[in-house]
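Chain by chain, the residues:
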Amino acid sequence: MLIYRQSQRSPHTKVSVLLLRWEDDTTAELDLVALEQVLRERYTYRTDRWVIPAIPNASMKLGVRLASFLESAGPDHLLIIHYAGHSFVASDKQLYWAR
């Protein structure tokens, strides 16, 4: 992880943040709004909020959205994904996002 002082120049010319939460989990909304405000106003990052739909196989829609976000990356473009939700490690040792 690289940490830069405000007086130092970041190696990134562009920063984009994708803020995610589940459709039926509105408890995270106020925190996401506050975080988005800081990222935009303090750091001038480009932000995008996306609500994961509460439907069967939501992972397909989420995968499409993540792929679209990742496609926007350039060589000096920092991408940040913030997930406001629960997760667990299953018996197959994979991490899963959960509602």
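In case you missed it, the structure is sitting above this.
Every value quoted in this text rests on a predicted model; they were computed, and no experiment measured them.

**A few points about the nonpolar core**
Burial of nonpolar side chains together is a common tendency in soluble globular proteins.
Moving on, step 1. Ranked by size, the top nonpolar core spans nine residues in total: Leu18, Leu20, Trp22, Ile52, Ala58, Leu62, Leu66, Phe69 and Tyr83.
Moving on, step 2. For this core, the element with the most residues is helix H2 (residues 58-71), which contributes four residues.
Moving on, step 3. Core analysis: the second largest hydrophobic core is formed by seven residues, Val15, Leu19, Ala28 and Ala84 among them.

**Describing the environment of Val89**
Moving on, step 1. Looking at the element boundaries, Val89 is found in strand E4 (residues 86-89).
Moving on, step 2. If we skip the residues at most four places from it in the chain, Val89 touches Gln94 and Leu95.

**Describing the pairing of E4**
Moving on, step 1. As paired elements, E4 and strand E5 (residues 95-98) share four bridges and run antiparallel to each other. By the bridge assignment, His86 is partnered in E5 with Ala98.
Moving on, step 2. What sits between E4 and E5 in their antiparallel hairpin is a turn of five residues, with Lys93 showing a positive phi close to 70 degrees.

**Quick look at the sheet that holds strand E1 (residues 14-22)**
Moving on, step 1. Taken in spatial order, the three strands make up an open sheet running E2-E1-E3, and their pairing is parallel. Either end of the sheet is taken by a strand with one partner, and the two such strands are strand E2 (46-52) and strand E3 (77-84). Across the sheet, the axes of successive neighbouring strands diverge by a mean angle of 20 degrees, strand direction being ignored.
Moving on, step 2. In this sheet, E3 lies alongside E1 in parallel orientation, the contact comprising eight bridges.

**Side note on the pattern of salt bridges**
Moving on, step 1. Overall, the coordinates contain five salt bridges when judged by the stated rule.
Moving on, step 2. Where Arg21 meets Glu29, a salt bridge forms, and the shortest distance between an N and an O atom there is 2.6 Å.
Moving on, step 3. Ionic pairing is found between Glu29 and Arg49, a salt bridge with its closest N-O pair at 2.5 Å. Of this pair, Glu29 sits in helix H1 (residues 29-41) while Arg49 sits in strand E2; the two residues are 20 residues apart in sequence, bridging distant segments of the chain.
Moving on, step 4. What emerges from the salt-bridge pattern is a single network uniting Arg21, Glu29, Glu36, Arg40 and Arg49.

**Brief notes about H2**
Residues lying three or four places apart along an α-helix face the same way, a consequence of the helix completing one turn every 3.6 residues.
Moving on, step 1. A rise of 1.5 Å per residue sets the reference length of H2, with its 14 residues, at 20 Å; its end C-alpha atoms lie 20 Å apart and thus fit the reference within 8%.
Moving on, step 2. Among all positions of H2, only Ala58, Leu62, Arg65, Leu66 and Phe69 are buried. Projected onto a plane normal to the axis of H2, the buried residues spread over an arc of 100 degrees and lie on a single side. Of the residues in H2, the exposed ones pointing more than 90 degrees away from the buried face are Met60, Val64 and Glu71.

What counts, and where the lines are drawn
- Residues numbered from 1 in each chain as written.
- Predicted model: local features only at pLDDT ≥ 70, side-chain atom pairs only at ≥ 80, totals over all residues.
- Heavy atoms only, no water.
- Core = buried A, V, L, I, M, F, W, Y, C linked by side-chain atoms within 4.5 Å.
- Buried < 20%, exposed > 50% of the residue type's maximum accessible area, 1.4 Å probe, protein only.
- Helix = DSSP H or I, 4+ residues; strand = E, 2+ residues; numbered from the N terminus.
- Contact = heavy atoms within 4.5 Å.
- Pairing = 2+ DSSP bridges.
- Axes fitted to C-alpha atoms, helices over the stretch in contact; angles between N-to-C directions.
- Salt bridge = Lys/Arg side-chain N within 4 Å of Asp/Glu carboxyl O.
- Expected span 1.5 Å × (residues − 1).
- Arc of directions from axis to C-beta.

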